[in-house]
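Okay, here's what each chain looks like letter by letter:
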Amino acid sequence: MKILVCLKQVPAKDAPLKLNQAATWIREDVSFETNEPDAFALEAALRLKEAHGGEVVALTLGPARAAQVLREALAKGADRAIHLDAGEAAAGAPPLDAFAIAEAVSRAIAGESYDLILTGLQSDDAGYGQTGVILAELLGAPHATIIMQVEPAGERRIKVKRELESGNFQFVEMPTPAVLTIQSGINKLRYATLMGIKQAKNKPLARMTLEEIGASAGLNRQLVHRLFVPSKSKGTTLISGSAKEQAAALVAHLRNDAHVI
Amino acid sequence: MRPILVIAERKLTAPGRLNPASLEAIAAAQELGRHLQAPVQAVLLEAEAAGGLAAELAQYQLEAVLHARHAALAAYSPDVWTAALVQIVTAAQPSLVLLPHTYQVRDFAPQLATRMGAGLISDVIGLSAAQGEPRFLRPMFQGKFAAEVGFAARQEGAPGFATLQIGAFRADAAARGASPAPIRDLAVTPPASRLQAGEVFQEAKQAVDLTQAPVIVSVGRGIKEPKNLDLMRELAAALGAELAASRPICDAGWLPMDRQIGSSGQTVAPKLYLAVGISGAIQHLVGMKGSRTIVAINKDPEAPIFEVADYGIVGDLFAVVPALIEALRAAS
Ligand SMILES: Cc1cc2nc3c(=O)[nH]c(=O)nc-3n(C[C@H](O)[C@H](O)[C@H](O)COP(=O)(O)OP(=O)(O)OC[C@H]3O[C@@H](n4cnc5c(N)ncnc54)[C@H](O)[C@@H]3O)c2cc1C
């Protein structure tokens, strides 16, 4: 199977985020990492390749720093990578929305025929949860979302397990090429080995600019007017002091005010 | 005035009933409709044989219920839903289409919007209007920020699409009409689905019922390693609490799945819920925000869990939890 995995670089989980001057996006002077569900998508692709053969291609769209997620994917076992370089204007300017990203990816891979395209089910930054499904529509391919298992089901078919609400699941079969959005926790992530990191240096990493493929934030279908810190809906009592003082104060509150212990 | 269209959803496990999130969407559409002076219509997709639900929807204050029936609509498929809804939306000419942000909607709505040349704003938690255009609030960066979002310039006549976060609008605020709304039957001709779906099923039955526990200590990825669960068990014992967890803890197998709290786990409302090292993602919050007293221990003062907490301790859980165990033992 020839598998494309779309990965996004997002702020690291524990990065202290601050808004930019215009309050339209965050300040970029934080550390970044691979979006978590995308890492699970990559792992799913690598496991399919190991079990059934084929090729895994990693793709990201983002500024220069985003190439790091590709280097990591190559070190973990992807065969080659494609960087859709959004340029430095991407820092600060409105980022591409889910539609514009999917459009850019569909243009970048036109002419290549993948059996399977995997994305994470949503990104930890914008959280649109749409890119994979829009990409499927633009490619005219069937899709399924929030996937917890993938396996081949005969010639040019796959069987997937969809997660549904309140602990329900469903198996779905479809022809390939198909697009799947992968849920976190579908598998156990591997670490890159030293050998893998070494080999990655010799694997092809192609770069295309958005201009070259005719994509930009101009394709966006939604506009972010401003970001702000949400106001607290509850009057939280914050308990300060040393750990010991905090513990004593909490016990007193729970006993005397909340009457729950 | 072009209507606001609400796409109602049937309950996954009881297709003869409405998913209550549909009523939240009706309430939201009615509220926005008042701002924009637009009527609200609801859409129901059903198989030929079904009945009753359209009349139930018609009880609400709606301009019309658009009732599409077709044998292919018996079971969900994105191909079928998208094709049927393209026909319905094209005929109804709405300015805006609102859907509840359910698993099903997440699966087809981006496809539907894209096929109609339109944008979709997902996971909306608030609605307003500016110069006759709808404005939406939605979380970004895992709830650390909220964003005010609108549609980019649209083609004349193209609708906008938005999905509403479950629980963000109140189902009981959906206004009922003085008389039933007219039900209009619509013919749709969806193509055969490329996907073949099996039965909906549950994994092994749940062994633990956390809904009855009066006190719950819930742990998240902040505990770092499975061996630290021992410390959390000590805390739970000191409080006479059940131990529960966020999803990543159960995904990793550190605790069994039936101890997971949240949209894909159990929904609980104990008298005391102690969240330790949990960030407070919306999928977690929906499973516990009804708790009577919520305590959050987290080293990040910006963690969204503090938005629902009654008592917050900003600090290192590895220092706070041992001190808390000691204080609880001393107090008992
Ligand atoms: C469709 C779908 C369904 C989902 N269903 C669920 C669900 O049912 N339940 C659920 O929980 N999640 C669910 N999720 C996942 C959810 O989005 C979050 O990813 C998850 O809840 C995060 O878990 P967490 O808070 O433990 O981890 P993180 O978000 O990684 O948070 C860890 C927290 O620990 C804090 N921390 C770290 N170290 C320390 C320390 N030493 N002391 C104090 N604090 C510390 C950090 O500041 C951080 O806030 C679902 C997601 C999707 C997309």
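J.: Quick rundown of the overall build of chain B? Include the residues and the values.
T.: Looking only at helices and strands, chain B has eight helices and 16 strands in total. Overall, the C-alpha framework of chain B stretches about 70 × 45 × 40 Å when taken along its three principal axes. Expressed as a percentage of the 332 residues in chain B, the buried residues total 58%. In chain B, once contacts between residues fewer than 6 apart in sequence are set aside, the share between residues at least 24 apart is 65%. Counting every atom, chain B has about 12900 Å² of accessible surface; 52% of that belongs to carbon and sulfur.

J.: Account for the packing of helix α3 (residues 78-92) of chain B against helix α4 (residues 103-115) of chain B, naming residues and giving values.
T.: Residue and element names in this part refer to chain B. Running from amino to carboxyl end, α3 crosses α4 at an angle of 45°, the nearest separation of the two axes being 9 Å. Classed by the angle they form, the pair α3 and α4 counts as oblique. As for the relative orientation of α3 and α4, their crossing is right-handed in sense. Counted together, Pro78, Asp79, Trp81, Thr82, Ala83, Leu85 and Val86 of α3 and Gln104, Asp107, Phe108, Gln111, Leu112 and Arg115 of α4 form the full contact between these two elements.

J.: I'd like to hear about the site of the ligand, residue by residue, with values.
T.: Close to the ligand lie 31 residues; B:Ser246, B:Ser264, B:Ser279, B:Gln283 and B:Asn298 are nearest. Mapping the residues adjacent to the ligand onto the chains of the assembly identifies chains A and B. At a separation of 2.8 Å, an oxygen atom of the ligand approaches a polar backbone atom of B:Arg221. For the ligand, whose free accessible area comes to 990 Å², the fraction covered by protein is 90%.

J.: Tell me about the interface of chain B and chain A, and please be specific about residues and values.
T.: A common way to state how big an interface is: give the accessible area lost once the parts meet. Contacts between the two partners involve 78 residues from chain B and, on the opposite side, 85 residues from chain A. Both sides together, the interface formed by chain B and chain A hides about 7100 Å², and carbon and sulfur atoms give 55% of it. Where chain B packs against chain A, one counts five salt bridges. Inspection of the chain B/chain A interface yields 39 residue pairs in polar contact (both at pLDDT 80 or more). At eight residues, α4(B) tops the list of elements feeding residues into the side of chain B that touches chain A. Partitioned by chemical class, the residues of the side of chain B that touches chain A number 41 nonpolar, 19 polar and 18 charged.

J.: Mind laying out the packing of helix α4 (residues 131-139) of chain A against α4(B), listing which residues take part and the relevant values?
T.: Think of two packed helices as two axes; the pair is described by the angle between the axes and how far apart they sit. Where α4(A) meets α4(B), the closest approach of the two axes is 8 Å, and the angle between their N-to-C directions is 45°. Between α4(A) and α4(B), the angle falls in the class oblique. For the pair α4(A) and α4(B), the sense of crossing is right-handed. The segment α4(A) lies against α4(B), with A:Val133, A:Ile134, A:Glu137 and A:Leu138 engaging B:Arg106, B:Asp107, B:Pro110, B:Gln111, B:Thr114 and B:Arg115. Taken together, the residues of the contact of α4(A) with α4(B) sort by class into four nonpolar, two polar and four charged.

J.: I'd like a description of the layout of surface pockets, backed by residues and values.
T.: Residues and elements named next belong to chain A. Each pocket or cavity is described by its volume, and for the second largest pocket that value is around 760 Å³. Lining the second largest pocket are 47 residues; nearest its centre among them are Lys8, Leu61, Pro95, Leu96 and Ile101. Among the elements of the structure, β1 (2-7), β2 (9-11), β4 (55-62), α3 (98-108), β6 (116-120), α4 and α6 (210-213) are those that each provide at least two residues to the lining of the second largest pocket. Ranked by residues supplied to the lining of the second largest pocket, first place goes to β4 with four residues. For the lining of the second largest pocket, the residue count by class is 27 nonpolar, 14 polar and six charged.

J.: Before we move on, could you go through the pattern of salt bridges and cite the residues and values that matter?
T.: The tally for this structure, following the rule as stated, stands at 31 salt bridges over all chains. We note a salt bridge from A:Arg190 to A:Glu50, for which the minimum N-O separation is 2.7 Å. Taken together, the residues A:Arg190 in the loop between β10 (178-182) and α5 (194-200) and A:Glu50 in helix α1 (residues 36-52) connect sequence positions 140 residues apart. Accessibility expressed as a relative area gives 53% for A:Glu50, which makes it exposed. A salt bridge links B:Glu225 to B:Lys227; the nearest nitrogen and oxygen atoms lie 3.7 Å apart. The network of salt bridges with common partners includes A:Lys2, A:Glu55, A:Arg80 and A:Glu112.

J.: Quick one: what's the story with the environment of A:Ala23, residue by residue and with numbers?
T.: Residue and element names in this part refer to chain A. Secondary-structure assignment places Ala23 in the loop between β2 and β3 (32-34). Overall, Ala23 belongs to the buried group, its relative accessible area being 19%. In the structure, Ala23 is positioned 228 residues away from Val251 in sequence and 39 Å away in space, judged by C-alpha atoms. Here Ala23 is in contact with Arg226 and Leu227, once residues within four sequence places are set aside.

J.: Just give me the short version of the domain arrangement of chain B, but keep the residues and values in it.
T.: Residues and elements named next belong to chain B. Here chain B is described as being made up of domain 1 (4-186) and domain 2 (210-331). Placing a centre on the C-alpha atoms of domain 1 and another on those of domain 2 gives a separation of 35 Å. Contacts between domain 1 and domain 2 engage six residues on the former and eight residues on the latter. Buried surface at the junction of domain 1 and domain 2, summed over both partners, amounts to about 520 Å²; 45% is from carbon and sulfur atoms. Inspection of the region where domain 1 meets domain 2 yields one salt bridge. The shortest N-O distance in the salt bridge between Lys144 and Asp300 comes to 3.6 Å. Here domain 1 and domain 2 share zero residue pairs in polar contact (both at pLDDT 80 or more) between them. Across the side of domain 1 that touches domain 2, the residue classes break down as two nonpolar, three polar and one charged.

J.: Give a description of the sheet that holds strand β12 (residues 222-228) of chain A that names residues and reports values.
T.: Within the open sheet, the four strands sit side by side as β12(A)-β8(B)-β7(B)-β6(B). Their pairing is antiparallel. The strands lining the two open edges of the sheet, one partner per strand, are β12 of chain A together with β6 (126-130) of chain B. When the angles between neighbouring strand axes are averaged without regard to direction, this sheet yields 30°. Examined bridge by bridge, β12(A) and strand β8 (residues 145-151) of chain B share six bridges and lie antiparallel to one another. Looking across to β8(B), one finds that A:Gln222 is bridged to B:Phe151. Where helix α1 (residues 21-36) of chain B meets the sheet, it contacts β6 and β7 (133-140) of chain B, and its direction lies at approximately 15° from that of β6(B).

Conventions used here
Every chain begins its residue count from 1, and numbering advances along the sequence as written. Labels are handed out in written order, letters beginning with A for the chains and numbers beginning with 1 for the ligands. Note on the predicted model: pLDDT of at least 70 is required for a residue's local features to be given, and 80 or more for side-chain atom pairs to be given and counted; whole-chain, interface and lining totals, by contrast, use all residues. Side-chain calculation: all heavy atoms of the structure are included, whereas hydrogens and water are not. Helix and strand labels come from DSSP, where a helix needs a run of H or I of at least four residues and a strand needs a run of E of at least two; each type is numbered from the N terminus. With a 1.4 Å probe rolled over the protein chains alone, any residue whose accessible area is under 20% of its type maximum counts as buried; one over 50% counts as exposed, and the rest are partly exposed. Only heavy atoms matter for contacts: two residues are in contact if any of them lie within 4.5 Å across the pair. Surface accessibility follows the Shrake-Rupley procedure with a 1.4 Å probe radius. Residue values consider only the protein chains on display as shielding. Inter-axis angles, ranging from 0 to 180 degrees, are taken between N-to-C directions of lines fitted to C-alpha atoms, where helices are fitted over the stretch in contact. Oblique is the label for any angle not covered by the other classes, which are roughly parallel (under 35 degrees), roughly antiparallel (over 145) and roughly perpendicular (65 to 115). Take the far helix as the reference: if the near one is turned anticlockwise from it by less than a right angle, the crossing is left-handed, and if turned clockwise, right-handed. Whether a residue is near a molecule or strand depends on its heavy atoms: if one lies within 4 Å, it is near. Here a polar contact means two N or O atoms within 3.5 Å. Within protein one must be a hydrogen donor candidate and the other an acceptor candidate, and residues neighboring in sequence count only if both atoms are side-chain atoms. Two parts placed together each lose some accessible area under a 1.4 Å probe, and the buried area is that loss summed for both. Salt bridges are defined by distance alone: a side-chain nitrogen of Lys or Arg within 4 Å of a carboxyl oxygen of Asp or Glu. Each residue is assigned to one of three groups, with Ala, Val, Leu, Ile, Met, Phe, Trp, Tyr, Cys and Pro labelled nonpolar, Asp, Glu, Lys and Arg labelled charged, and all others, Gly among them, labelled polar. Of the two site types, the cavity is a set of points on a 1 Å grid over the protein atoms alone where a 1.4 Å probe fits but cannot get out, and the pocket is an open set with protein on both sides within 12 Å along at least five of seven lines, each lined by residues with an atom within 4 Å of a point. Grid points are joined across faces, edges and corners, and a volume is the space filled by probe spheres set on the points. Boundaries between domains were set according to an automatic or database domain assignment. When DSSP finds at least two bridges between two strands, those strands are taken to pair.

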